[in-house]
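Chains, contacts and geometry: an overview
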Amino acid sequence: MIYPAPAKLNLFLHVVGRRADGYHLLQTLFRFLDFGDSLHITPRKDGEIRLLTPLAGVPETSDLCWRAARLLQKHTGCRLGADIELVKRLPMGGGLGGGSSDAATVLLALNRLWGVNLSRTELQSLGLSLGADVPVFVFGRSAFAEGVGEVLTAWMPAPASYVVLMPPAHVSTPAIFTHPGLTRNTPSIRIAALFDGFGHNDLEPLATALYPEVSDYLAWLKGQVRNQESVRMTGSGACVFAGFSERAEAEAVFALRPDHMNGFVADGLDQHPLYGFAD
């Protein structure tokens, strides 16, 4: 089987504080896309976890797919292993959640393939130890997130198609979050205050100042839409996006992009393709 690992967008991302341990407190709205990585996963009887398509420059023990499989194996005492083949479409350091989505897909797929049958809540808890974005992919629905991103409440945005552009920059998330210029005091809101198009991305001004490519791609995309407020960066960057009510409109804007601009058009996806793999 092919197991999808969808991209995510942060439709907004506010930094509302900082904990004593240095972790930032966030409020954000996650939405999946019908575009992303995919994994081929085959169980093994010998307990070995093998990455058939290792990522260049990433040691096996640092790879989120390998770590997710080993974590689930250790947590459950499962004696089975797996061969994992990753088809990578999402850029690293792009803010689309590629590595986190890959890890969540490994957890969800092996939860069924190995027959360990952990609950969704247990898998989310395991996922949090791999990264702050992993739990939402296990949660499996568009969600308003709080805390460090792990306190999740389902929320359904309006149907939309998105133009996503991928600047040639690898944004360092730790560098953004530790920068003294980061805004960390945006007022918190309650979920009842949400509406489509709400908010902004507190990381965007800093990322655009540090990475000119992000600024250039944002400026071009804003020049193609009437409502420039709808054009935003996702996560800590580098990818930028704009939402459209009609797919044809998104495709028309995407077709106008300069030849050097890479990206894609995708529809919003409000339930993870592997949602049924956990209860």
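Attention now moves to the pairing of strand β2 (residues 24-44). Where burial is concerned, most of β2 is hidden: 15 out of the 21 residues are buried. Summarising the sheet, strand β1 (residues 2-18) and β2 pair through 13 bridges and their orientation is antiparallel. Its bridge partner being in β2, P6 is matched across the sheet by G36. Where β2 lies against strand β5 (residues 143-146), 3 bridges are found, and the strand directions are antiparallel. Residue pairing across strands places T28 opposite A145, the latter belonging to β5.

Another aspect to go through is the packing of aromatic side chains. Per the stated rule, a full pass over the model turns up 6 aromatic pairs. Arranged with centres 4.0 Å apart and planes meeting at 20°, the rings of F35 and F264 form a pair that is stacked. Highlighted residues: F35 in strand β2 and F264 in strand β10 (residues 263-269), separated in sequence by 229 residues. On the basis of an interplanar angle of 85° and a centroid distance of 5.4 Å, the ring pair of F195 and F198 is categorised as edge-to-face. Assessed through its relative accessible area of 49%, F195 is described here as partly exposed. Owing to a relative accessible area of 14%, F198 belongs among the buried residues under this scheme. Aromatic rings pair up to connect F12, F195 and F198 into one cluster. Lying over the aromatic face of F277, R112 brings its terminal NZ or CZ to 4.0 Å of the ring centre. Note that R120 overlies the ring of Y275, its terminal NZ or CZ placed 4.0 Å from the centroid.

Procedures and definitions
Residues numbered from 1 in each chain as written. Predicted model: local features only at pLDDT ≥ 70, side-chain atom pairs only at ≥ 80, totals over all residues. Heavy atoms only, no water. Buried < 20%, exposed > 50% of the residue type's maximum accessible area, 1.4 Å probe, protein only. Helix = DSSP H or I, 4+ residues; strand = E, 2+ residues; numbered from the N terminus. Pairing = 2+ DSSP bridges. Phe/Tyr/Trp six-rings, centres within 6.5 Å; stacked < 30°, edge-to-face > 60°. Lys NZ or Arg CZ within 6 Å of the ring centre and 35° of its normal.

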